[in-house]
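Structure assessment
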Amino acid sequence: MTLSFHNLCIWVLALLFPSAQAAKFFQNPSQLPEGHQYDFIVVGSGAGGGTVATRLAENKALSVLVIEAGASDKDFFEIQVPGLSQALPHAIDWNFTTVPQVNAGNRVMGYSRARVLGGCTSHNGMDYTRGSRDDYDQWAAITKEPHFSWDSMFPYMLKSEKYAQNIDHQSEVGHLNPAIHGYSGKIGVSAGYTEHPANNLIIETTKVMKNEFPFKLDSNDGRPIGVGWAQHTIKAGVRSSSSTGYLDTTGDNVHILLHTLVTRVLPTGNSSHSTDFRTVEFATGVQSPNIPQAPRQQLIARKEVIIAGGVINTPQILLNSGIGDKSALQALGIPSLVDNPSVGKNLSDQIGLFGLLPTTLPSTDFDMTAALAQWNKNHSGPLSRRGFVTLNHLGWVRLPANSPVLRGHADPTPGENSPHIEFIPVSVINVTGTSPIPLPPLTADVKTVMAFAAVNLHPITRGSVTLKSSNPFDAPNIDFNLLGSDLDLAILREAVRSTQRFFRASPWKNQVSEMILPPANVTTDDNALNSFIQSTVQPVLHTVGSAAMSPEGASWGVVDPDFRVKGTTGLRVVDGSVLPFVPSAHVQTPIYAFAERAADVIRQGHP
Ligand SMILES: Cc1cc2nc3c(=O)[nH]c(=O)nc-3n(C[C@H](O)[C@H](O)[C@H](O)COP(=O)(O)OP(=O)(O)OC[C@H]3O[C@@H](n4cnc5c(N)ncnc54)[C@H](O)[C@@H]3O)c2cc1C
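So, here's what we can say about the structure. Remember, predicted model here, so these are calculated numbers, not experimental data. (Residues numbered from 1 in each chain as written. Predicted model: local features only at pLDDT ≥ 70, side-chain atom pairs only at ≥ 80, totals over all residues. Heavy atoms only, no water.)

Here we come to the pairing of strand S12 (residues 262–266). The element S12 is largely enclosed, with a buried count of 4 among its 5 residues. Across 4 bridges, the pairing between S12 and strand S13 (residues 279–283) is antiparallel. Of the residues in S13, the one forming a bridge with valine 262 is phenylalanine 282. (Buried < 20%, exposed > 50% of the residue type's maximum accessible area, 1.4 Å probe, protein only. Helix = DSSP H or I, 4+ residues; strand = E, 2+ residues; numbered from the N terminus. Pairing = 2+ DSSP bridges.)

Right, here's the structure in full:
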């Protein structure tokens, strides 16, 4: 990919004249300053780790080490360019796979998680969504910690956000509510959009079908129900991540160790009964499942260790450390140090699928060469907006209380401000071009198709992360137990049918024809639609819950409301794995807010 002259100059200048204030980077453990002691060691640099490390380091008297398994995000041009998010290399991914999903055609599914500075915020879809008021109020109720209520967490959402108009100066009037946004935080948020006739049709549909699809001015107001313009974590045409938004603002009291995999945390001190887990063990050489005994090194944090490896790796690190289900660990030959069967359980994600409709609308494709030249010049144009989803709206639907789909079931959402379903008009694809979604065989008359995504936001099924072996370089077993309940399947059926009703509305009459994926005759038959769903459903990658927070003293859960790992001292988890269930959102924003809260809690513990 082309490196812009502008960026090249900045990086060359940064190399020649490193600011005394900037964080220090190390490419391997041997480069770390000898004998240096760190107050906090943070494992992982995603939405959780990048945020908490940055906030703790605002006290310049504290020394913070961030250990990240991946490379620097600055090594990958495609990460910076929002419109290239589909072109990201496999090298920045853990490239996980799930175990066969027995209720979804026994399929083994690819499961993406970023292995790079900034974690998934360096490769995600950049949608900025906070979730519903009920999500937070329910987290507060479950954890018995009122601080997690919407009203208490709202200031943290504002604290992490820096909203500004998009780089192309497109008008955003009527696209969001400026009064509910933050203007001086760390993560850039903007609401640029593709100029396309679908925009008007979508807004017209909210007028003619206002019962099911009312217009929503700003879905970030705590009640995301309706159809509105999307907002993105993009700052002046460049991806804003926990690396660029948070870590780039830190000073030289932050050290960032790249390319280094943390294998375990260990009790510190001589007592065999110590549960003071302030020692971090990491690999120092080649890190491969084929070399389970690769050399390791240890460092002790003066104050605390914070694990922020994300929803898969955090439970993996805890389990490898002997913190987990005693009998399962002993079966693998791992000594049990803290018996806690909840570690790795409660894996919670949304489930979704893609569909297609033939359309006469123009494709959202653009001339890549011209777009690259424009982005390189001043970060504007089509590549300044997110890739893959090149249309501009998100739809959130709450099923009515008397919906036949819910009959006989408790409401799976946390309350009446919460949608059951999300649908996303994704892009308009020229069938002869490159499609981001595999296209089914099409008849010759279909030249252009509209892709959409339909999502069940609140599946009741939970999955798990378990160890395959005692080798810390082995990927763990990831089991979502997809479609493990009839209700999960029924709501996804309704998501497809709701999307179909949206595109059957009068504004689309001469613009789209009947769905071809799933075919319209499939959508009328529950069994046929079930088969389609079982063969196409995927986890949406908004996964949380595998080190879930529970009340102080509860016999279940992995961390207390102050993010401390139960049964230990000196050890906390701050990332998406602590959220007790998946919210009505794409989850980076709730995780940023949780990490902001965690930083305050940790600081209070070390005045
Ligand atoms: C493809 C994709 C698209 C998404 N799109 C959106 C979106 O549009 N909007 C949205 O809100 N959310 C989105 N999400 C979700 C969101 O980005 C993530 O949920 C969020 O970033 C998770 O933050 P985290 O701190 O929990 O973990 P992560 O961001 O995953 O960070 C964990 C970090 O820890 C490192 N690490 C792990 N194990 C170790 C170890 N043993 N040693 C050292 N380092 C380690 C990892 O390499 C990684 O950098 C998306 C997720 C994916 C995967």
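Following the structure, the description resumes.
Bringing the site of the ligand into the picture now. In the neighbourhood of the ligand, 39 residues make up the surrounding shell, with Gly48, Glu68, Cys120, Gly576 and Gln588 lying closest. Within the side chain of asparagine 124, an N or O atom sits 3.0 Å from an oxygen atom of the ligand. At 2.9 Å from an oxygen atom of the ligand is found a main-chain nitrogen or oxygen belonging to histidine 586. Within the complex, 95% of the 1,000 Å² of free accessible area of the ligand lies under protein. Elements represented by at least two residues in the shell around the ligand include exactly helix H2 (47–56), helix H8 (310–320) and helix H14 (588–605). Here the shell around the ligand takes 3 residues from H8, the largest share from any one element. (Near = heavy atom within 4 Å. Polar contact = N/O pair within 3.5 Å; in protein donor to acceptor, adjacent residues only side chain to side chain. Areas by Shrake-Rupley, 256 points an atom, 1.4 Å probe, with all protein chains shown as cover.)

A few words now on the pattern of salt bridges. All told, the structure shown has 26 salt bridges when counted by the stated rule. A salt bridge links glutamate 514 to arginine 504; the nearest nitrogen and oxygen atoms lie 2.8 Å apart. Taken together, the positions of glutamate 514 in the loop between helix H11 (486–503) and helix H12 (520–523) and arginine 504 in the loop between H11 and H12 put the pair 10 residues apart, joining distant regions of the chain. Residue classification places arginine 504 among the partly exposed residues on the basis of a relative accessible area of 48%. Via salt bridges that share partners, Arg55, Glu58, Lys159, Glu596, Asp600 and Arg603 belong to a single interconnected network. (Salt bridge = Lys/Arg side-chain N within 4 Å of Asp/Glu carboxyl O.)

Along helix H13 (residues 526–536), the positions that sit buried rather than exposed are Leu529, Asn530, Phe532 and Ile533. Angular distribution of buried residues about the axis of H13 spans 165°; they occupy a single face of the element. Buried positions along H13 lie against strand S17 (351–358), H11 and H12. The backbone nitrogen of asparagine 527 has a side-chain oxygen 2.8 Å away, supplied by the residue at the start of H13, namely aspartate 525. (Arc of directions from axis to C-beta. Contact = heavy atoms within 4.5 Å.)

The strand order across the open sheet formed by 6 strands is S8-S18-S19-S20-S17-S23, and the pairing between neighbours is antiparallel. The open sheet terminates on both sides in strands that have one partner only, identified here as strand S8 (226–229) and strand S23 (538–539). Relative to S23, S17 is paired through 2 bridges, and the arrangement is antiparallel. Following the sheet pairing, isoleucine 351 is matched in S23 by proline 539.

Attention now moves to the pairing of strand S3 (residues 64–67). With burial as the criterion, each face of S3 is covered, one bearing Val64 and Val66 and the other bearing Leu65 and Ile67. Relative to S3, strand S2 (residues 38–43) is paired through 4 bridges, and the arrangement is parallel. Across the sheet, isoleucine 41 pairs through a bridge with leucine 65, a residue of S3. Crossover handedness for the path S2 to H2 to S3: right-handed. In the sheet, S3 pairs with strand S11 (residues 254–257) via 4 bridges, with the strands oriented parallel. Bridging from a neighbouring strand, valine 66 pairs with isoleucine 256 of S11. (Right-handed = clockwise from strand over helix to strand, strands pointing away.)

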